[in-house]
There are 2 protein chains.
Amino acid sequence: MRVLITGAAGMIGRKLTRALLGRGALQGRPISQLILHDIVAAEATAPHLALVGDLAASGTAAGLMRHHPEVIFHLAGVVSGEAEANFDLGYRVNVDGTRALFDAIRAAGHSPRVVYASTTAVFGGPFPEEIPDDFAPTPHSSYGAQKLIGEALLADYSRRGFMDGIGLRLPTICVRPGKANKAASSFFSAIIREPLNRLPADLPVPRDWLHTMASPRAAVGFFLHAAELDLGLVGLRRNLTLPGAAVTVAEQIAALTRAAGADVARLIRDVPDPAVWAIVQSWPRRFAATRAKALGFRAEASFDEILQVYLEDDLHRV
Amino acid sequence: MRVLITGAAGMIGRKLTRALLGRGALQGRPISQLILHDIVAAEATAPHLALVGDLAASGTAAGLMRHHPEVIFHLAGVVSGEAEANFDLGYRVNVDGTRALFDAIRAAGHSPRVVYASTTAVFGGPFPEEIPDDFAPTPHSSYGAQKLIGEALLADYSRRGFMDGIGLRLPTICVRPGKANKAASSFFSAIIREPLNRLPADLPVPRDWLHTMASPRAAVGFFLHAAELDLGLVGLRRNLTLPGAAVTVAEQIAALTRAAGADVARLIRDVPDPAVWAIVQSWPRRFAATRAKALGFRAEASFDEILQVYLEDDLHRV
């Protein structure tokens, strides 16, 4: 079993790599090679490969396909804040890069499984209280528009038999370890991560704001499950809205207080940011995710669980 | 007022050109120049221009924008049957051509009104009995996928202020004059057009099949209305499902019988075609079109009206 990960140097890419190395097999077959691709070098030891390049550049995707991957995790992408700030870069990476990869997959001719990282940011308001699976995506960001275009390509290329693709609309992934990224949702992680590190963190939105989240561990679980799922069960609608825990910021803070104490939670400062708040209010809040749940995709049920995953997986407090 | 029509040599493009020349004005201003673009030459007399070229080819779209059109009707495209038969051609014309045009519009910098011909083929089943405006498009054809990608581009480029765009999901346009085209929906017109011309016509689907249609005159009306509409009323959801008459094939035939007699209607032969029937069954049947109706888009209410339009506009029987 040969596996390709694009965006392998990113947070989810690294955790997915570690999970694949840990289990050693996919679809019941031993993993003989992991091909890790990113715009910067990912860590890899033989027999695994770390390849560096721009997916949208001519020949890059074809070069990856020469390794004949049977499962491809397409995680590469520019995040929401960056895609909004840099229009050309966003379209180049998120649209041209994805199409170049899919065209190289088509040219390779062996119809591999493709698991594509999409996003709940494909949705734009106004929303019903809970977003059903057949709710029309009308993005309010260039990132959402670009991911939606990738979804349309994935579904059509799958319908034509060029790949066996599945798109996963990830909820906000939280708690992200490391530094803040350029996503406008970055504060959902920062208000937990920084106080646990005894640093202050600014909260730009009201505490009663509700948002749907899943842990990085759940995200890796989504990708592995999607790689092994019988897609005959999925049919032509290849892009799934995934489940997550719908929690308020206040519930996040209460969980932090329970786990680390009130002194830690007091490091969160309410610093309203009208620009961030405007973006956050345009996001969907709660999803039915009926099909994904029926297909066996699982996420945490509470922020206490999500926080526990962070403590175990990233702070190594078991 | 300078107006550009892409796909101007097509059936709707020619009728739209004639309508614009007839009214002489758009948005209350005299039309000083019509720029008619297509892959084959459209008819034009000075001061109007007929330009020939491939929209996806480098420099073509920028060349069109040098004429500084303030309203652009983007009708150019490869139809459903052809996009399904020729994957590369469909993506080149319907996706690359559209993106090249939109990027040239962005580069021009004056944010013109753009009216984009989309399609109800963006929808794929299973469907509710009546498709609401916020129903998720999941195309079952490459044509539908390509038009959906154009919709996502249009909405994002409009949100960013590069254009003031509106996408129109046209129902099946019927009765099409002239010869059958490569669309799988072609028979909806052929069963009316050929018998009126005393020629037999094959009906590949059952007579109780219901489908939503509008006349070419209604389509031209949609485009003109969209060109003059205050898009502040439309908001961020720039792609509208349009109204039409939801009629069965039997109702089409009854209208034909009323207008031209039973002998003419008897020229329709039931010749089931499993391939066409499979495609047709995958199409949406009935739409709410709530927003479009509220915004003043109007279509015929019955097939009698649609047939009358054909008799008047194409057969010149008043």
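As the structure is a computational prediction, the values presented were derived from the model and not from experiment. (Residues numbered from 1 in each chain as written. Chains lettered and ligands numbered in written order. Predicted model: local features only at pLDDT ≥ 70, side-chain atom pairs only at ≥ 80, totals over all residues. Heavy atoms only, no water.)

To continue, consider the relation of the copies chain B and chain A. When chain B is brought onto chain A, the operation consists of a screw motion whose angular component is 180° and whose axial shift is 0.0 Å, with 0.0 Å RMSD remaining. The relationship between the two copies is best expressed as a two-fold rotation axis. Taking C-alpha positions as the reference, the residue of chain B nearest the rotation axis is B:Ala136, at 1.8 Å. Taken together, the interface assignments show that 100% of the residues at the interface of chain B recur at the interface of chain A, consistent with an identical surface on both copies. (Least-squares fit on C-alpha atoms with pLDDT ≥ 70 in both. Contact = heavy atoms within 4.5 Å.)

Let us now look at helix α4 (residues 87-108) of chain A. Residue and element names in this part refer to chain A. With 22 residues, α4 extends 30 Å from end C-alpha to end C-alpha; this agrees with the ideal 32 Å at 1.5 Å per step. Of all the bends in α4, the greatest measures close to 30° and is centred on Asp-96. Gly-109 lies just past α4 and shows a positive phi near 85°. (Helix = DSSP H or I, 4+ residues; strand = E, 2+ residues; numbered from the N terminus. Expected span 1.5 Å × (residues − 1). Bend = angle between axes of the 7 residues up to and from the residue.)

The UniProt entry lists residues 3-211 of chain A under the feature "domain: NAD-dependent epimerase/dehydratase" (unreviewed entry), expressed in the numbering used here. Between the end C-alpha atoms of residues 3-211 of chain A there is a gap of 33 Å, over a span that is 36% helix and 21% strand. (UniProt positions renumbered as here; feature names shortened; annotations may be inferred.)

Ranked by size, the top nonpolar core spans 62 residues in total, and within it A:Phe102 and B:Phe102 carry the most contacts. If you list the elements that add at least two residues to this core, you get α2 (60-65), α4, β7 (113-119) and α5 (142-159) of chain A together with α2 (60-65), α4 (87-108), β7 (113-119) and α5 (142-159) of chain B. (Core = buried A, V, L, I, M, F, W, Y, C linked by side-chain atoms within 4.5 Å. Buried < 20%, exposed > 50% of the residue type's maximum accessible area, 1.4 Å probe, protein only.)

The subject of this paragraph is the interface of chain B and chain A. Interfaces are often described in size by the accessible area the parts lose on coming together. Counting residues at the interface gives 32 residues for chain B and 32 residues for chain A. Summing both partners gives a buried area of about 2,800 Å² for chain B against chain A, and 52% of it is carried by carbon and sulfur. When the buried area of chain B at its contact with chain A is split by residue, B:Phe87, B:Arg160 and B:Arg237 rank highest and sum to 22% of it. Linking chain B with chain A are 28 residue pairs in polar contact (both at pLDDT 80 or more). (Buried area = accessible area lost by both parts, 1.4 Å probe. Polar contact = N/O pair within 3.5 Å; in protein donor to acceptor, adjacent residues only side chain to side chain.)

Turning to the side chain of A:Glu300, a few remarks are in order. All names here are of chain A. For Glu-300, the location among the structural elements is in the loop between α11 (290-294) and α12 (303-313). Of the side chains bearing the opposite charge, Arg-217 lies closest to the buried Glu-300, which forms no salt bridge; the N-O distance is 6.2 Å. Separated by 2.4 Å, the side chains of Glu-300 and Ser-215 make a polar contact. Not counting residues within four places of it along the chain, the set of residues in contact with Glu-300 comprises Ala-214, Ser-215, Ala-218, Gly-244, Ala-245, Glu-305, Ile-306 and Val-309. (Lys, Arg positive; Asp, Glu negative; His and termini not counted. Salt bridge = Lys/Arg side-chain N within 4 Å of Asp/Glu carboxyl O.)

What follows deals with helix α1 (residues 11-23) of chain B. Residue and element names in this part refer to chain B. In this model α1 runs 19 Å from its N-terminal to its C-terminal C-alpha over 13 residues, within 8% of the 18 Å that 1.5 Å per residue would give. Every buried residue of α1 is accounted for by Met-11, Ile-12, Gly-13, Lys-15, Leu-16, Thr-17 and Leu-20. Positive phi appears at Gly-24, one or two residues downstream of α1, with a value of about 75°.

On to unusual backbone geometry, then. All names here are of chain A. Geometrically, the link from Gly-125 to Pro-126 is a cis peptide bond, its omega value of 0° lying close to zero. Mapping Pro-126 onto the fold places it in the loop between β7 and α5. One non-glycine residue, Ala-289, adopts positive backbone phi at about 50°. Inspection of the secondary structure assignment puts Ala-289 in the loop between α10 (274-281) and α11. Its identity is not glycine, yet His-316 carries a phi of approximately 55°, on the positive side.

Evaluated as defined, the whole model comprises 28 aromatic pairs over all chains. Through successive ring pairs, a cluster of aromatic residues spans A:Phe87, A:Tyr91, B:Phe102, B:Tyr116, B:Tyr157 and B:Phe162. A cation over an aromatic ring shows up here: B:Arg106 above the ring of B:Phe162, its NZ or CZ 4.9 Å from the ring centre. A cation over a ring is seen here: B:Arg285 above B:Trp209, with NZ or CZ 3.9 Å from the ring centre. (Phe/Tyr/Trp six-rings, centres within 6.5 Å; stacked < 30°, edge-to-face > 60°. Lys NZ or Arg CZ within 6 Å of the ring centre and 35° of its normal.)

Here we come to the sheet that holds strand β4 (residues 33-38) of chain A. All names here are of chain A. The parallel open sheet is built from seven strands, whose spatial order is β5-β4-β1-β6-β7-β8-β12. Unpaired on one side and paired on the other, β5 (49-52) and β12 (239-241) mark the two borders of the sheet. For this sheet, the mean angle separating the axes of adjacent strands, direction not counted, is 20°. Sheet analysis places strand β1 (residues 2-6) next to β4, joined by five bridges and oriented parallel. By the bridge assignment, Ile-5 is partnered in β4 with Leu-36. Contacts between helix α1 (residues 11-23) and the sheet are confined to β1, β4 and β6 (71-74), with β1 contributing the most and set at about 165° to the helix. The strands touched by α4 are β1, β6 and β7; relative to β6, the strand with the most contacts, the crossing angle is about 170°. (Pairing = 2+ DSSP bridges. Axes fitted to C-alpha atoms, helices over the stretch in contact; angles between N-to-C directions.)

Let us look at the sheet that holds strand β8 (residues 164-170) of chain B. All names here are of chain B. Across the sheet, which stays open at both edges, the seven strands sit in the order β5-β4-β1-β6-β7-β8-β12 with parallel pairing between neighbours. Unpaired on one side and paired on the other, β5 (49-52) and β12 (239-241) mark the two borders of the sheet. When the angles between neighbouring strand axes are averaged without regard to direction, this sheet yields 20°. Sheet topology note: the β7/β8 ladder contains seven bridges and is parallel. Within the sheet, the bridge partner assigned to Arg-113 lies in β8 and is Asp-164. Sitting on the sheet, α5 is in contact with β7, β8 and β12, with an inclination near 155° to β7. Relative to β7, helix α7 (residues 216-228) is tilted by about 145°, and along the sheet it contacts β6 (71-74), β7 and β8.

All names here are of chain A. By domain assignment, chain A separates into domain 1 (2-171 + 215-241) and domain 2 (186-211 + 245-287 + 295-313). Its C-alpha centre places domain 1 at a distance of 26 Å from the equivalent point of domain 2. Tallying the contact residues gives 23 residues for domain 1 and 15 residues for domain 2. Interface area, domain 1 with domain 2, both sides summed: about 1,600 Å², of which 65% is carbon and sulfur. Area buried by domain 1 at its contact with domain 2 is led by Ser-215, Arg-217 and Phe-222, which between them contribute 30% of it. At the surface where domain 1 touches domain 2, the tally comes to three salt bridges. Here domain 1 and domain 2 share five residue pairs in polar contact (both at pLDDT 80 or more) between them. Of all elements in the fold, only β8 (164-170), α7 (216-228) and β12 reach the threshold of two or more residues within the side of domain 1 that touches domain 2. The leading source of residues in the side of domain 1 that touches domain 2 is α7, at five residues. Considering only residue class, the side of domain 1 that touches domain 2 consists of twelve nonpolar, seven polar and four charged. (Domains from an automatic or database assignment. Nonpolar A, V, L, I, M, F, W, Y, C, P; charged D, E, K, R; others polar.)

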